[in-house]
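# Structure at a glance
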Amino acid sequence: MLPVQVNRLTVQEAGDRYVELVRAKTVTGALSPATAEVYARDVATFVRLAGPGRVLDDLTGEDVDAVLLAFARKPDERRRNGQGKDTAKGTGVSTGVGAGVGTGQSAASQARFRRSVSALFRHATSAGWVHLDPMAASSVRARERGGLRPERRALTREQAEGLIEAAGSPAAPSAEAAGSGLARRRRADQRTEVRDALVVLLLTTLGPRVSELVRANVEDFYTNDGVRYWRIFGKGGRTRDVPLPDAVASALDAYLAVRAGGDGEKALLLSWRGRRLARGDVQAVIDRVQRQVDPGRRRAVTPHGLRHTTATHLLADGTDMDAVRRVLGHSDLSTLGRYRDDLPGELEVAMGSHPLLRRRRGRAGRDDQAGPDA
């Protein structure tokens, strides 16, 4: 029998072919555009760290470990907070100035990068680009987070209610905004404060991914037996129909009444120029509403933090875990652990109303009412 013939592609060639295949899957709906771009970004990073001119089949488990370690040490551009001076210009390599704990990639980012590289080699093995998958010999793994998050992402009930109240009662434009001419540039028929209220309510009560929110179209919302639903197009081409709470349905109707989109504009959320809202605009909306919250109940939060808020409070209120999973759009119940944050006083409340002791307390109360001579 002849040995298996391997197509000795360079790392760059293999990466380009794989990314082209990944992006083609968005056409069939097998992958969302956002997920495909994450894969493409991770593969591009792998190509750069592994060496574009090397032959993919020549990479060993040790080579893959070196790439994973190099990625783990790579500064996280999203969390550098002014530490840009610590990186040599144009090289992406830390100069060592100020380098320390927190300058590298998070455990979640490292795990995601490893999954992307593993997917590349699985395809390479089936396509005949490598004899053996080197990931089987790789030993570098990110530390897995166990239990609850050390840093809270979810808002407390008081903070979340403050944000919702501020969204429902927008303040008048500040003198600074009026003086800058911003109010004059906005079209009179585009009520951005009504849109902002809807954005906050959807994020806080339904917890969609920000990509799902900005991708939403007007036609995705429908009524069935008097209940308003949002058909959410999520990751992996999966859809889910989520009923809207009455307050959210009312906010949707209020926004649709003043939404100023053209006849051909399908997007639900529009900028004041009448264009589809971008992902980065959503954070600006939250920050704008947060400025109206009482300082005692205000805490900075991201759209993903509001997704954590939804999961945390639904679960803390005793909502069925499978229902929460379906609201968030996960295929596996175990994933809910990532979106579950601790709440102050939660354990005390749970132990104070223990289900195994409720009947005993009720019986004790009846005995007290009966009196000593009963």
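Residues numbered from 1 in each chain as written. Predicted model: local features only at pLDDT ≥ 70, side-chain atom pairs only at ≥ 80, totals over all residues. Heavy atoms only, no water.

Let's shift gears to the nonpolar core. Grouped together as the largest cluster of nonpolar side chains are 41 residues, with contacts concentrated most on Trp-230, Leu-244 and Val-282. Put simply, the parts of the chain that give this core at least two residues each are α5 (157–168), α8 (192–206), α9 (210–215), β2 (227–233), α10 (246–258) and α11 (279–290). Here the element with the most residues in this core is α8; it accounts for 9 residues. The next biggest cluster of nonpolar side chains, apart from the first, holds 29 residues, and it includes Leu-9, Val-43, Val-47 and Leu-68. (Core = buried A, V, L, I, M, F, W, Y, C linked by side-chain atoms within 4.5 Å. Buried < 20%, exposed > 50% of the residue type's maximum accessible area, 1.4 Å probe, protein only. Helix = DSSP H or I, 4+ residues; strand = E, 2+ residues; numbered from the N terminus.)

Residues that lie three or four places apart on an α-helix share one face, since the helix turns once every 3.6 residues. In a regular helix each residue adds 1.5 Å, so 12 residues correspond to 16 Å; α11 covers 18 Å between its end C-alpha atoms and thus fits that length. Restricting attention to buried positions, one finds in α11 the residues Val-282, Val-285, Ile-286, Val-289 and Gln-290. Projection of α11 onto a plane perpendicular to its axis shows the buried side chains occupying an angular sector of 135°, all on one side. Tucked inside the fold, the buried residues of α11 contact α5, α8, α9 and α12 (303–316). (Expected span 1.5 Å × (residues − 1). Arc of directions from axis to C-beta. Contact = heavy atoms within 4.5 Å.)

This next bit is on the confidence of the model for the protein chain. In the predicted model, the protein chain carries a mean pLDDT of 79, and 71% of its residues have values of at least 70. Confidence scores differ between elements of the protein chain, with helix α6 (residues 175–179) showing the lowest mean pLDDT of 45 and strand β1 (residues 221–224) the highest of 95. Predicted confidence is poor over residues 79–101, with pLDDT under 50, and the contacts of this stretch with residues over four places away or in other chains come to 24 contacts. Segment residues 172–190 is flagged for pLDDT under 50; beyond a separation of four residues in sequence, or across chains, it makes 18 contacts in the model. (pLDDT = per-residue confidence, 0-100.)

A few words now on the packing of helix α2 (residues 33–50) against helix α4 (residues 107–127). Close contact between α2 and α4 brings their axes to 9 Å; oriented N to C, the two are set at 85°. In terms of their interaxial angle, α2 and α4 are classed as roughly perpendicular. Note on element contacts: α4 touches α2 through Arg-112, Phe-113, Ser-116, Val-117, Ala-119, Leu-120 and Phe-121, opposite Val-38, Tyr-39, Asp-42, Thr-45 and Phe-46. (Axes fitted to C-alpha atoms, helices over the stretch in contact; angles between N-to-C directions. Parallel < 35°, antiparallel > 145°, perpendicular 65-115°, else oblique.)

Next up on the list: the pairing of strand β3 (residues 239–243). By the alternation rule, side chains of β3 split into Arg-240 and Val-242, which are all buried, and Thr-239, Asp-241 and Pro-243, of which none is buried. As paired strands, β2 and β3 are joined by 5 bridges and run antiparallel to one another. Of the residues in β3, the one forming a bridge with Ile-232 is Arg-240. Counting the residues in the hairpin turn of β2 and β3 gives 5 residues, including Gly-236, whose phi is positive at 65°. (Pairing = 2+ DSSP bridges.)

This part takes up the sheet that holds β3. Judged by pairing direction, the sheet is antiparallel, and its 3 strands sit side by side in the order β1-β2-β3 without closing on themselves. Edge positions in the open sheet fall to β1 and β3, since each of these has one partner strand only. For this sheet, the mean angle separating the axes of adjacent strands, direction not counted, is 35°.

Below, the discussion takes up α10. Helix length check: α10 (13 residues) gives 19 Å between terminal C-alpha atoms against 18 Å at 1.5 Å per residue, within 8%. Within α10 the residues assigned to the buried category are Val-248, Ala-249, Ala-251, Leu-252 and Tyr-255. Burial along α10 is one-sided: seen end-on, the buried residues are contained in an arc of 160°. Exposed side of α10, more than 90 degrees from the buried face: Asp-246, Ala-247 and Ala-257 are the residues found there. Where the residues of α10 are buried, they touch α8, β1 and β2.

With that settled, consider the packing of aromatic side chains. Tallied over the entire structure, the rule returns 4 aromatic pairs. For the pair Tyr-222 and Tyr-229, a centre-to-centre distance of 5.4 Å together with 10° between the ring planes defines the contact as stacked. (Phe/Tyr/Trp six-rings, centres within 6.5 Å; stacked < 30°, edge-to-face > 60°.)

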